[in-house]
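This is what each chain is made of:
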Amino acid sequence: MEAGRPYTRLLRRLDSVVKLSESDRLGIAKLPMTVKNFANGQDLIRDGDISTQCILVIDGYLFRHKLANGSQRQIMSFHVPGDVPDLQTLHLPKLDHTVTALGAAVVAFIPHAAFKELLQASPSLTHVFWRESLVDAAIFREWVITLGQRDAIGRVAHLICELVLRLQAVGLAKDMAFTIPWTQSDVADASGISTVHANRVIQELRRLELLEWDSRLIQIRNWDGLASLGDFSADYLHFRKSELAGVAG
């Protein structure tokens, strides 16, 4: 498939977990997609909305979040190019959380009707996207463990490890470096800590020389040390072994 198409990162993402047939790749390429740009902090779909289309991240980042007690934000996941963060809306169209752009983002909207037609025509793609939903659930379980049992620095270390592997799986984060337009408040809300505590954790990760964290640019200097600190194992991401072999090695 041609590089630079809206579906390019999606194919790369799916190839990281299963080998796609040419007919399935062509089916994905033929999906109708409406490309739109979103500004930092702009909601794509909100808690309580009824969805009629799925979101494919083309460039930039999205995050899922929900408010507790009406004002306390909990970020539940980050999404990178190639992700379809609302795949569940094919069967559960009413949103129980909000999806928002983290920095400027480019996404493609795929109508549910076209998506379902593709899946009905291809049992193998039905399997692939069902598997994607299961991996999404595995990531949620790991986040529950992180928030419930890891300390603050371990939570942030684990988050960085996860993001760099997911980015590498779609051809990004080369040389263990990536840019992400988040604030310390975003890190805090994803890690269940205060913004002040997030600042202290970032400073400690720098002091330990595990990574360089310069505003939006993160460069991992010691993968083994960072993974150890975060109690990180990539098993829950369920990459193909051939994909994982060259990642963070």
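Residues numbered from 1 in each chain as written. Predicted model: local features only at pLDDT ≥ 70, side-chain atom pairs only at ≥ 80, totals over all residues. Heavy atoms only, no water.

Digging into the packing of helix 4 (residues 123-149) against helix 5 (residues 152-168)
At step 1: Running from amino to carboxyl end, helix 4 crosses helix 5 at an angle of 160 degrees, the nearest separation of the two axes being 10 Å. Compared by their axis directions, helix 4 and helix 5 come out roughly antiparallel. Considering how the two elements wind past one another, helix 4 and helix 5 form a crossing that is right-handed. Between helix 4, through Ile-139, Glu-142, Trp-143, Thr-146 and Leu-147, and helix 5, the contact on the second element is made entirely by Arg-155, His-158, Leu-159 and Glu-162.
At step 2: Split by residue class, the contact of helix 4 with helix 5 holds four nonpolar, two polar and three charged. (Axes fitted to C-alpha atoms, helices over the stretch in contact; angles between N-to-C directions. Helix = DSSP H or I, 4+ residues; strand = E, 2+ residues; numbered from the N terminus. Parallel < 35°, antiparallel > 145°, perpendicular 65-115°, else oblique. Left-handed = near helix turned anticlockwise from the far one by under 90°. Contact = heavy atoms within 4.5 Å. Nonpolar A, V, L, I, M, F, W, Y, C, P; charged D, E, K, R; others polar.)

Notes on the UniProt feature "domain: HTH crp-type" (unreviewed entry) in the protein chain
At step 1: In this numbering, the UniProt entry assigns the feature "domain: HTH crp-type" (unreviewed entry) to residues 150-224.
At step 2: Strand forms 15% of residues 150-224 and helix 53%; the C-alpha atoms that close the span are 17 Å apart. (UniProt positions renumbered as here; feature names shortened; annotations may be inferred.)

So, the nonpolar core
At step 1: In terms of nonpolar packing, the biggest core is built from 72 residues, with Ile-28, Phe-78, Ile-160, Phe-178, Trp-182 and Trp-213 touching the most fellow members.
At step 2: Per-element accounting of this core gives the leading share, eleven residues, to helix 5.
At step 3: Every residue in contact with Trp-182, bar those within four places of it in the chain, is listed here: Phe-78, Leu-102, Leu-159, Ile-160, Leu-163, Val-187, Trp-213 and Ile-218.
At step 4: Ranked by size, the runner-up nonpolar core spans twelve residues in total, among them Ile-45, Val-99, Val-107 and Phe-109. (Core = buried A, V, L, I, M, F, W, Y, C linked by side-chain atoms within 4.5 Å. Buried < 20%, exposed > 50% of the residue type's maximum accessible area, 1.4 Å probe, protein only.)

Points about the side chain of Ser-51
At step 1: Checked against the element boundaries, Ser-51 lands in the loop between strand 2 (43-45) and strand 3 (53-68).
At step 2: Here Ser-51 falls in the buried class, since its relative accessible area comes to 5%.
At step 3: Within the structure, Ser-51 has its side chain in polar contact with the backbone oxygen of Gln-53 (distance 2.7 Å).
At step 4: Not counting chain neighbours up to four residues away, the residues in contact with Ser-51 comprise Ile-45, Asp-86, Thr-89, Pro-93, Leu-95 and His-112. (Polar contact = N/O pair within 3.5 Å; in protein donor to acceptor, adjacent residues only side chain to side chain.)

Here's the deal with unusual backbone geometry
At step 1: The residue Met-176 is not glycine, and still its phi comes out positive at about 60 degrees.
At step 2: Within the secondary structure, Met-176 is located in the loop between helix 5 and strand 6 (177-179).
At step 3: In this structure Met-176 comes out as buried when scored by relative accessible area, which is 14%.
At step 4: Positive phi is not limited to glycine here, since Ser-215 has a value of about 55 degrees.
At step 5: Within the element layout of this structure, Ser-215 appears in the loop between strand 7 (211-214) and strand 8 (217-220).
At step 6: Among the residues examined, Ser-215 registers a relative accessible area of 55% and is labelled exposed.

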